[in-house]
Number of protein chains: 2
Amino acid sequence: MAAAQLTTDHLTERHRATLDQALEAIRTRAYWSPHPEHPKAYGEDGSLSAADGLAAHRAVLGGRFELEQPGTDGWVGGEVSPYGPELGVEYPHADPDVLLPAMRAGLGAWRDAGPETRALVCLEILARISGRTHEFAHAVMHTSGQAFMMAFQAGGPHAQDRGLEAVAYAYAEQVRVPGSADWSKPQGKRDPLALRKTFTPVGRGVALLIGCNTFPTWNGYPGLFASLATGNAVLVKPHPRAVLPLALTVRAAREVLTEAGFDPNLVALAAERPGEGIAKTLAVRPEIRIIDYTGSTAFGDWLEANARQAQVYTEKAGVNTVVIDSTDDYRGMLGNLAFSLSLYSGQMCTTPQNLLIPRDGVDTDAGPRSYDEVVADLATAVGKLLGDDDRANALLGALVNPDVRGRLEAAGGLGEVALASREVAHPDFPDAAVRTPVIVKLDGARKVWESGEDEVPFLSECFGPVSFAVAVDSTADALDLLRRTVREKGAMTVGAYTTSAETERAVEEVCLEESAQLSLNLTGGVYVNQTAAFSDFHGSGGNPAANAALCDGAFVANRFRMVEVRRQA
Amino acid sequence: MAAAQLTTDHLTERHRATLDQALEAIRTRAYWSPHPEHPKAYGEDGSLSAADGLAAHRAVLGGRFELEQPGTDGWVGGEVSPYGPELGVEYPHADPDVLLPAMRAGLGAWRDAGPETRALVCLEILARISGRTHEFAHAVMHTSGQAFMMAFQAGGPHAQDRGLEAVAYAYAEQVRVPGSADWSKPQGKRDPLALRKTFTPVGRGVALLIGCNTFPTWNGYPGLFASLATGNAVLVKPHPRAVLPLALTVRAAREVLTEAGFDPNLVALAAERPGEGIAKTLAVRPEIRIIDYTGSTAFGDWLEANARQAQVYTEKAGVNTVVIDSTDDYRGMLGNLAFSLSLYSGQMCTTPQNLLIPRDGVDTDAGPRSYDEVVADLATAVGKLLGDDDRANALLGALVNPDVRGRLEAAGGLGEVALASREVAHPDFPDAAVRTPVIVKLDGARKVWESGEDEVPFLSECFGPVSFAVAVDSTADALDLLRRTVREKGAMTVGAYTTSAETERAVEEVCLEESAQLSLNLTGGVYVNQTAAFSDFHGSGGNPAANAALCDGAFVANRFRMVEVRRQA
């Protein structure tokens, strides 16, 4: 291997301060990010400008995406933008019998590099990705259907933050034990027993990242960087509709690894033919020792049950609830909720689905409001928010796939429609399916309890721009329903609005007992469906929606093992 | 509930400094223990003297062991000391439908107590246990068959150390995130987005500890205290032959919990009728969210596959290897190995089983020694070590059960016996089965490779005082066999003797790649089968012998989840 262009000194100079800031941020949980959110912040210091990012994106379309991976036995593709155009990119298809052994070849040197160098290499990869954020924004937009600004922020700086957060956790976990220690045990009048011990964190082997359609980078980076930083190789298996953002990621990783003197095959791409379903095959390969997955509950459960040779981290479906008891900022609440329901057409795993509203209404600073009034006012707020097509397009993005559209169209049949969905024309992409959310009124929580009936619409995840305004007997009834929903169906987020200290305490208690992340009385510019890296936990890992949280010690601690060698001193 | 006798102030004064020392010890890995190893160190400051400990032990025998647990529906017992006498103790038998809900009742207050108070309560429990170390020594001796001094040390201070280590890890993990944080995100010219966040570690529910026969306290305390300190209740299900040490532990825990103002049912005992097999039933109860287990691979694998509602930590069987390449202290090596093979009749999960010795012999400071000579010299060393019956009894203890005796007796049929086992008479317990180890010469590692044959005796764990002196073609052949053994069968320990830097590096590489803990060239008073809390890892969690290590971040980090509540500031 050629002499490394990127020496440890270079890497330290470039990134050690950033790593230290990240370590401090995960300790204080205060706001911090090294990745600018504003598109105009890019274009200098070697990063791509808006125009250059778009040009880079266009240059990739319609061609082969070369990665020079071992075991490439063909070329596959077929991504179609939710905005209409075919991407036309072809990716290498890998023979796992060749690729997986090749990925193991560099593990020894990667282990020997140690936790700090691994962390710094990961930070360099993230810096390269950050420099191409404008290009990534287009790639995320045209695979997930997110509107450009969201694709830019969530797919760019926010995803990079989550990756960096995982690196910081991984580094901190590995250096909790020193590299070596002298141990001397007194023996009374005899000489002490003395040992020299060395401790080496060793990765488990090859990790498999199974990417998702909606947030290929944001949901993919934590697992990818946690595994890589802890000494593993990472095979990236993107969702077949969202390959490009992760292919760009793999390319950046391979470039940096090479420049730093490591084997580029420590990170590789596994693209697939339509319908090939390689995740299921790869997941049970003996080389695969770690799996990160975001997607359906069915496949997540399958992985947990069957990929027994691996540590499996899953984010699956959940049913997110907002309890509306009372508010001292009715207008703020309606505006906040309207935004939460609309953002990316409700296609976030954190979007509220069930709004639990007492049948007798709620107290607000604008006077008491009946259930019907609250629902009507929320419908009006959503309608106003999305009344202008430009703004609607900027918020909603496009429906990611026909299944979402199908659920949206079927939702009207589930109850009284308080707000109908409308089609929004996109000025640039006439084939984009842009739809405003539907709000459906439902009743009968009490009936659910009494009948023991399980299959009511609001007790399953209805992924997409569909919310249910569920009439409940009381706030106490709402909390019972919240508890049951989290316990049985899982939840990535819970929201609540109340002016009562007692109710606040009661909803907190439910969330503490059922391990759900709670946002209280959000009426401003923070939304229940958004979390910030270094401060907020995404999911709890303690309810059925996910078996891990992004990011905590448990997310990284079992991706490596500590091997001790002791010698007489 | 009555006012707590043990206030947080009391607990802080008594134990905070010890907790801080433990936190420092797990960071530096230097030698440290607050628990004296010498029996004479006890008897003052309220701790039981040798005589009082024996009296306390005798007072418990032949009676009912009251714990005042809810759901007690009968009394069960039947322990027989491996030294002969029946213990005659009866323990409460629990109806899990009553006991498990009762154990959940105190979880809210235990959660609200916070990580520091929980840690201090755990340290008070350990201090109570420490004060009764002499009583525990008899309980461990007469359930495990360990000789008194070993039962005293391994069952007393060393077990308490491992419990304290788990508490330190649990505390450290929970306070990595602050209890609250203010988060403020700049918004250019607009007001910053500001949130007040609280973070609460919440236990998963009820943990189940499934104890083992040979080290009821040492192997039990890490999981018990890790779960309790992270906010869980713990149901202790002892091995039916080793109930007493854990019943004493449960009693101490319930006393302290009560005095500190918590629900004593946070810790409870689940004893069983002979053949009842309640572990299998309890393990899949929905209330059980964590399981710690030490025992057979078959049941450990069953738990991992079936107790899917729980986090499962297992220590199972393994095949421990010592590679003998060369030594500059032949006499020291032989003495060290002889002790390792003899201690507790080889009934440690860490006892070496396979001694891999090149067919052409090894270089030593006493000149070259052929394979036959090395084996004969080792046999002589063991014979001398155990030649005196008093010393033999003090080292060997008794065989823990008839299965071990059966394996010992069958071992002679597997190959040429280099050292035959002999019966040792015990001066106080004529019915004790005390046996010296057998060493059997085997050959054919190469044949194993060539035939692909799997079922050779030395590739399965032969638990008990049986070792195999396996002739190999070369040290390289030994390393291949070591690698295969660790990868396929698992290993808690690996030992090696070599004067060659190259060979040392090669055996290290195997252990790093296969995740095995390695001891190199031990010739003095530290043995491959012993690990020290706060410094050594017991197991790696990275090979089939165990899915967790005692103790590291991964052992505690997933026993609780962090629940965040955020509010607009």
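Remember, it's a predicted structure, so these values are computed and weren't measured experimentally. Once a new chain begins, its residue numbering starts again from 1 and follows that chain's sequence as written. Each chain is given a letter, starting from A, and each ligand a number, starting from 1, according to the order in which they appear as written. Whole-chain, interface and lining totals are the exception, using all residues; otherwise, since this is a predicted model, local features are given only for residues with pLDDT of at least 70 and side-chain atom pairs are given and counted only at 80 or more. No hydrogens and no water enter the side-chain calculation; it runs on all heavy atoms of the structure.

Focus on the interface of chain A and chain B
Contacts between the two partners involve 78 residues from chain A and, on the opposite side, 77 residues from chain B. Accessible area, probed at 1.4 Å, shrinks when two parts are joined; the buried area is that loss added up over both. Both sides of the chain A and chain B interface together cover about 6,000 Å² of buried area, and 47% of this is carbon and sulfur. What counts as a salt bridge is simple: a side-chain nitrogen of Lys or Arg found within 4 Å of a carboxyl oxygen of Asp or Glu. Taken together, the connections running from chain A to chain B amount to 17 salt bridges. Pairs of N or O atoms within 3.5 Å make up the polar contacts considered here, provided that, within protein, one atom can donate a hydrogen while the other can accept it, and that residues adjacent in sequence are counted only when both atoms are side-chain atoms. At the boundary of chain A and chain B, one finds 48 residue pairs in polar contact (both at pLDDT 80 or more). By definition in these notes, contact holds between two residues if any of their heavy atoms fall within 4.5 Å.

Focus on the domain arrangement of chain A
Residue and element names in this part refer to chain A. Looking at the assigned domains, one finds that chain A contains domain 1 (46–180 + 202–317 + 550–568) and domain 2 (321–520). Here the C-alpha centre of domain 2 lies 33 Å away from the C-alpha centre of domain 1. Taken together, the contact pairs 18 residues of domain 1 with 22 residues of domain 2. Considering only the side of domain 1, the residues that lose the most area to domain 2 are Tyr83, Met150 and Ala317, jointly responsible for 32% of the buried surface there. Summed over the shared surface of domain 1 and domain 2, the result is zero salt bridges. The numbering of helices and of strands both runs from the N terminus, where a helix is a DSSP run of H or I of at least 4 residues and a strand a run of E of at least 2. Per element, the largest residue contribution to the side of domain 1 that touches domain 2 is four residues, and it comes from helix H5 (residues 133–144). Residues are grouped as follows: Ala, Val, Leu, Ile, Met, Phe, Trp, Tyr, Cys and Pro are nonpolar; Asp, Glu, Lys and Arg are charged; every other residue, Gly included, is polar. For the side of domain 1 that touches domain 2, the per-class residue count stands at eight nonpolar, eight polar and two charged. Note: domain ranges come from an automatic or database domain assignment.

With respect to the packing of aromatic side chains
Residues and elements named next belong to chain A. In summary, the pairing rule links any two rings of Phe, Tyr or Trp, Trp by its six-membered ring, whose centres are within 6.5 Å, and it sorts them by plane angle into stacked for under 30 degrees, edge-to-face for over 60 and tilted for everything else. All chains considered together, the criterion is met by 28 aromatic pairs over all chains. Between Trp110 and Phe262 the ring centres are 5.0 Å apart and the planes differ by 80°, which places this aromatic pair in the edge-to-face class. Linking Trp110 in helix H4 (residues 107–131) with Phe262 in the loop between helix H9 (244–259) and strand E7 (267–269), this pair joins segments that are 152 residues apart in sequence. The pair Trp110 / Phe262 is uniform in exposure class, with both members buried. With a centroid separation of 5.5 Å and 65° between ring planes, the pair formed by Tyr313 and Phe555 is classed as edge-to-face. Of this pair, Tyr313 sits in strand E9 (residues 311–315) while Phe555 sits in helix H19 (residues 553–557), and the two are 242 residues apart along the sequence. The class for Tyr313 is buried, based on a relative accessible area of 9%. Each residue is assigned to one of three classes by its accessible area relative to the maximum for its type, calculated with a 1.4 Å probe on protein chains only: buried under 20%, partly exposed between the two thresholds, exposed over 50%.

Remarks on the sheet that holds strand E12 (residues 354–358) of chain A
Strands belonging to one sheet form pairs held by backbone hydrogen bonds; the direction of such a pair is parallel or antiparallel. For two strands to be treated as a pair, DSSP must find no fewer than two bridges joining them. Ordered in space as E14(A)-E17(A)-E18(A)-E12(A)-E10(A)-E19(A)-E20(A)-E21(B)-E4(B)-E3(B), the ten strands form an open sheet in which the pairing is mixed. Looking at which strands have only one partner, the edges of the open sheet turn out to be strand E14 (416–419) of chain A together with strand E3 (180–187) of chain B. For this sheet the average axis-to-axis angle between neighbouring strands, irrespective of direction, equals 25°. Pairing between strand E10 (residues 321–324) of chain A and E12 of chain A: three bridges, direction parallel. Counted as the bridge partner of Val323 of chain A is Leu356 of chain A from E12 of chain A. Lines fitted to C-alpha atoms define the axes, with helix axes restricted to the stretch in contact, and inter-axis angles between N-to-C directions lie between 0 and 180 degrees. Across the sheet, helix H18 (residues 501–514) of chain A is in contact with strand E19 (494–497) and strand E20 (518–520) of chain A together with strand E4 (190–203) and strand E21 (560–568) of chain B; its angle to E20 of chain A comes to roughly 165°.

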